[in-house]
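# Results of the structural survey
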Amino acid sequence: MPKDLSQTNPQSDPARPATIIPRPDHNVSRQQISPNALKVLYRLNNAGFQAYLVGGGVRDLLLGREPKDFDVATDARPEEIHDLFRNSRLIGRRFRLVHVRYGREIIEVSTFRALHGEDDAHPERHTDDSGRILRDNVFGSLAEDAFRRDFTVNALYYNIADFSVIDHVDGVRDLRDGLLRLIGDPDLRFREDPVRMLRAVRFAAKLGFRIEPRTAKFIPELSDLLRDIPPARLFEEVLKLFLGGYAAQTFEELLRYDLFRQLFPFTEEALAHEENAFPLTFVARALENTDKRIAEDRPVTPFFLFAVLLWEPVRRRAEVLESQGMSASDAMRIAADEVCARQLEFVALPRRFSTPMREVWQLQPRFENRSGKRALRLLGHPRFRAAYDFLVLRAETGEADPDLAAHWTKLQEVDADEQHTMLSQPDGTKAKRRRRGGRRRKPGGDGGE
């Protein structure tokens, strides 16, 4: 039977005793844990420190899932951890951590952090006027650390000393109920770190959980706080949101909680003013394809994902420029420049992704030249395959002519002689840009190369 573990700090809600779940009463086994994570746990423990597996690794093991990574929490200070592991390095200023590297695997080790209290005038703790934590390296106890974590299901600790699971926040109950609950006051916790709103949506989509009503209530109310997060950090969060295998459901949740607008405001604006269903269908289909590729262990590319997410504002702007007499290629180039420059204020996009993304867009008008030397050059373009996939996606959702996509599909399938024949034929009438009718459904209720 579980037994109580007394809280060690009155700030960590003494009315809520922690629960220890002994090894026979849970399904976590050392055989399921990375051998490298076990090395870290045992070395810390043998050196006289407390050492626990914590966070998503414990959560996923309890759910019968295979964790993607393993994090460790300990009472050892960062410098003490670093001294124990020659293959480690200290990282972070906002939250000081230690990364212990074994080949390509990194075990992240953090020191227990203290709760915020009335006396927060500590040189290692800084917040801005809105309550967002800018720096926090004040260390505390296991109990305090549990209440400092974001969601109850992420605040479960596996104790390498006796193989028990320690639960301070009823995380096991929420796992059983399929509920994602923020620890503490949601208004305060979201203000401490607005990215927690994105994490709530991501975990809910990944786990198939409901967001607890009180937690959910504050997300649309505080979504504007994401504007204070550095664009570079939001780029990393976007990759986690859409390249984790649950992109389609995540997109729906982002729309539902008014979070997508904070990340891609120009795309959201374009979607909101459309009179037909194409743009929303286009994004949704691309994200479904991305999820399918990930499920099949096939590669996905961030540049294709961003090409999809930003296509509608680029397309709309290019149409305006073309209507003013600009060529299709120039209109696409200038529209891409304008939209990307504005988008970078919200979510950063490294050049290694923005360059191929632009190429995918700029190749779209060139598909209308079905024959001749220009078509042959297009076939040999290094970004042809990604641009072709993008064209097919446009055709499948009604924005491009299906006959155009079919032509380029056939051109790749035939032998060299027939390909030469197809390329020698005159273009004739250029393909029409199609738009499928239908009203846009209300939200809420990458594809890859």
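Residues numbered from 1 in each chain as written. Predicted model: local features only at pLDDT ≥ 70, side-chain atom pairs only at ≥ 80, totals over all residues. Heavy atoms only, no water.

Below, the discussion takes up the overall build of the protein. Per the secondary structure count, the protein includes 20 helices and 13 strands. In the protein, which comprises 449 residues, the share counted as buried stands at 51%. Split by element, the accessible area of the protein, about 21,000 Å² in all, is 47% carbon and sulfur. (Helix = DSSP H or I, 4+ residues; strand = E, 2+ residues; numbered from the N terminus. Buried < 20%, exposed > 50% of the residue type's maximum accessible area, 1.4 Å probe, protein only. Areas by Shrake-Rupley, 256 points an atom, 1.4 Å probe, with all protein chains shown as cover.)

Let's shift gears to the confidence of the model for the protein. Confidence along the protein averages 87 in pLDDT terms, with 86% of residues attaining 70 or more. In the predicted structure, residues 118-126 sits below a pLDDT of 50 and forms 19 contacts with residues beyond four places in sequence or in another chain. Below pLDDT 50 for its whole length, residues 428-447 participates in 64 contacts with residues either more than four positions away or in separate chains. (pLDDT = per-residue confidence, 0-100. Contact = heavy atoms within 4.5 Å.)

Tracing the backbone through its elements, the reader meets R196 in helix α7 (residues 195-207). Once the C-alpha coordinates of R196 and F151 are considered, the two residues, 45 residues apart in sequence, prove to be 9.1 Å apart. Those residues within four positions of R196 in sequence are excluded, and the remaining contacts are R148, D150, F151, R189 and F190.

Let us look at the pattern of salt bridges. Scanning the model with the defined rule gives 30 salt bridges in all. A salt bridge links R181 to D174; the shortest N-O distance between them is 3.0 Å. Salt bridges sharing common partners tie together D170, R173, D174 and R181. (Salt bridge = Lys/Arg side-chain N within 4 Å of Asp/Glu carboxyl O.)

Turning our eyes to something else, we now look at the environment of E192. Here E192 is to be found in helix α6 (residues 186-192). One polar contact links E192 to R196, side chain to side chain, over a distance of 2.9 Å. (Polar contact = N/O pair within 3.5 Å; in protein donor to acceptor, adjacent residues only side chain to side chain.)

Looking at the secondary structure, you find T250 in helix α10 (residues 247-256). Polar contacts involving the side chain of T250 include one to the main-chain carbonyl oxygen of Y246, which spans 2.7 Å. Residues in contact with T250, not counting those within four places in the same chain, are V201, A205 and L241.

This brings us to the packing of helix α16 (residues 351-363) against helix α18 (residues 384-396). When two helices pack together, their arrangement is given by the angle between the helix axes and the distance between those axes. Where α16 meets α18, the axes come as close as 9 Å, and the angle between the chain directions of the two elements is 60 degrees. Between α16 and α18, the angle is such that the two are oblique. Relative to α18, α16 is oriented so that their crossing is right-handed. Contact with α16, carried on its side by V360, W361 and L363, involves F384, A386, A387 and F390 of α18 and no other residues of that element. (Axes fitted to C-alpha atoms, helices over the stretch in contact; angles between N-to-C directions. Parallel < 35°, antiparallel > 145°, perpendicular 65-115°, else oblique. Left-handed = near helix turned anticlockwise from the far one by under 90°.)

A few words now on unusual backbone geometry. Not every positive phi belongs to a glycine, and F163 is a case in point at roughly 65 degrees. Residue classification places F163 among the partly exposed residues on the basis of a relative accessible area of 23%. Phi is positive for D170, which is not a glycine, with a value near 60 degrees. Residue placement: D170 occurs in the loop between β11 (165-167) and α5 (171-177).

The next subject is the side chain of H26. The topology assignment puts H26 in the loop between β2 (18-21) and α1 (35-46). One polar contact links the side chain of H26 to the main-chain amide nitrogen of V28, over a distance of 3.0 Å. A polar contact of 2.7 Å, which involves the side chain of H26, links it to the backbone oxygen of F163.

Looking now at helix α15 (residues 328-343). A rise of 1.5 Å per residue sets the reference length of α15, with its 16 residues, at 22 Å; its end C-alpha atoms lie 22 Å apart and thus fit the reference within 8%. For α15, every residue scored as buried is listed here: A331, M332, A335, A336, V339, C340 and Q343. In an axial view of α15, the angular spread of the buried residues amounts to 145 degrees, which keeps them on one side of the axis. Among the structural elements, α11 (260-263), α12 (265-272), α14 (302-323) and α16 are those in contact with the buried residues of α15. (Expected span 1.5 Å × (residues − 1). Arc of directions from axis to C-beta.)

With that settled, the discussion passes to α16. End to end, α16 covers 18 Å across 13 residues, agreeing with the expected 18 Å (1.5 Å per residue, within 8%). Inspection of α16 places F353, S354, P356, M357, V360, W361 and L363 among the buried residues, and these make up the whole buried set. Against α9 (231-242), α14, α15, α17 (372-379) and α18 lie the buried residues of α16.

Among the secondary structure elements, D145 is positioned in helix α4 (residues 142-148). Since its relative accessible area comes to 4%, D145 is described here as buried. When the C-alpha positions of D145 and H168 are compared, they lie 9.8 Å apart, and in sequence the two are 23 residues distant. Those residues in contact with D145 that lie beyond four places of it in its chain are A73, T111, F112, R113 and Y157.

Attention now moves to the nonpolar core. Counting residues in hydrophobic clusters, the biggest one holds 101 residues, and the most contacted among them are L44, F242 and W361. Top contributing element to this core by residue count: α14, with 12 residues. By size, the runner-up hydrophobic cluster in this structure holds 18 residues, among which are F384, L404, W408 and V414. (Core = buried A, V, L, I, M, F, W, Y, C linked by side-chain atoms within 4.5 Å.)

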